[in-house]
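Coordinate analysis (summary)
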Amino acid sequence: MAEGNLSPASIADGLETRFIGQRIIYYPTLPSTMEVARREARQGAEEGTVILADEQTAGKGRLKRVWLSPKGSIALSVILYPSVVYLPSLIMLTSLAVAHSVGAVTGLKSQIKWPNDVLINGRKVCGILIESDVSKKVVNYAILGIGINVNQRLSHFPDILPTATSLSDELGRDASRLDLIRHLLVEIERLYLTLPVGEAVYEEWRDRIVTLGNRVHVSSGKSRYEGVAESVARDGSLLLRLSNGSLIKIVAGDVTLRD
Ligand code: BTN
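This write-up is about the structure you can find in this document. As the structure is a prediction and not an experimental result, all values here were calculated from the model.

Here the focus is the sheet that holds strand E13 (residues 254-257). Ordered in space as E12-E11-E10-E9-E13, the five strands form an open sheet in which the pairing is antiparallel. The open sheet has two edge strands with one neighbour each: strand E12 (247-250) and E13. Strand-to-strand twist across the sheet, computed as the mean angle between neighbouring axes with direction ignored, equals 45 degrees. Of the pairings in the sheet, the one linking strand E11 (residues 238-242) to E12 comprises four bridges and is antiparallel in character. The residue bridging Leu-238 from the neighbouring strand is Ile-250, located in E12.

Next comes the structure, spelled out in structure tokens:
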């Protein structure tokens, strides 16, 4: 049977986290969880506060794109107050947390496409948007925005069908958003708490990126490059080997596999 609306009480019930998801602000529908998260963070909301919506009417994607968040998908934002040195790791830990949770709840194997898309069988199942407010090397707040295509049929969204998928399309049945969200919150906290003790998050993220070793097109702002995606640096940037042999660092952009 299809799941109805999400229940914040069911998500929080016995949730094994210290702070992530201990406060959940839920909306059946709203323009974007990012806006509410920003407002809450500016008012000093507790670290780990989650803004969750069953449906967004003006979901925000990276690079000012629109993100479709119909009913049946997951749209949430998590408020954090990390040290500035951990900012680059937020992209890494969020995509890993999604990949781990999708695997644990559905058994589906996912890949990470630089910088922060989670793919299944080469198609995007999750988009991540990290926003932060930093002044004088102090992070006022950071927000992890996570959108997962769960129980929507992508055949209803022909514009994104060629490049996107959903968990239900991959599984041939619906997946439990409740289980996924609970796993995800636990996993985000677990990975976040490992940041001060080593490089495990960076190393696993690097090793799961499908883009590496491939010939790619990269668009970054107004620039376009073609080369071999050689590696990713600890600050999250992509190292691209151009045909003239030089290695360039791409801080933000979009990658398309060439063949
Ligand atoms: C992307 O791949 O372009 C990033 C998409 C991020 C979407 C999520 S859904 C929850 C949060 N609220 C938003 O408006 N956007 C992010």
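Attention now goes to the packing of helix H3 (residues 87-106) against helix H6 (residues 200-208). Their axes nearest at 9 Å, the elements H3 and H6 cross at an angle of 65 degrees. Taken together, H3 and H6 sit at an angle that is classed as roughly perpendicular. In this structure, the crossing between H3 and H6 has a hand that is left-handed. Of the residues in H6, those touching H3 at Ser-89, Ile-91, Met-92, Leu-93, Ser-95, Leu-96, Ala-99 and His-100 are Val-201, Tyr-202, Glu-204, Trp-205 and Arg-208. Among the residues forming the contact of H3 with H6, the class breakdown is eight nonpolar, three polar and two charged.

For the coordinates displayed, the defined rule picks out 17 salt bridges. Salt-bridge contacts for Arg-38 lead to Glu-131; the nearest nitrogen and oxygen are separated by 3.1 Å. Within this pair, whereas Arg-38 is found in helix H2 (residues 33-42), its partner Glu-131 is found in strand E7 (residues 123-135), the two being separated by 93 residues in sequence. A salt bridge links Arg-153 to Asp-174, with the nearest nitrogen and oxygen atoms 3.4 Å apart. Residue Arg-153 is located in the loop between strand E8 (138-148) and helix H4 (167-171), and its partner Asp-174 is located in the loop between H4 and helix H5 (177-194); the two are separated by 21 residues in the primary sequence. Judged by its relative accessible area of 35%, Arg-153 falls in the partly exposed class. Relative accessible area serves as the criterion here: at 30%, Asp-174 is assigned to the partly exposed category. Look at the salt bridges and you will find they share partners, linking Arg-23, Glu-40 and Glu-46 into a network.

The rules behind these values
- Residues numbered from 1 in each chain as written.
- Predicted model: local features only at pLDDT ≥ 70, side-chain atom pairs only at ≥ 80, totals over all residues.
- Heavy atoms only, no water.
- Pairing = 2+ DSSP bridges.
- Helix = DSSP H or I, 4+ residues; strand = E, 2+ residues; numbered from the N terminus.
- Axes fitted to C-alpha atoms, helices over the stretch in contact; angles between N-to-C directions.
- Parallel < 35°, antiparallel > 145°, perpendicular 65-115°, else oblique.
- Left-handed = near helix turned anticlockwise from the far one by under 90°.
- Contact = heavy atoms within 4.5 Å.
- Nonpolar A, V, L, I, M, F, W, Y, C, P; charged D, E, K, R; others polar.
- Salt bridge = Lys/Arg side-chain N within 4 Å of Asp/Glu carboxyl O.
- Buried < 20%, exposed > 50% of the residue type's maximum accessible area, 1.4 Å probe, protein only.

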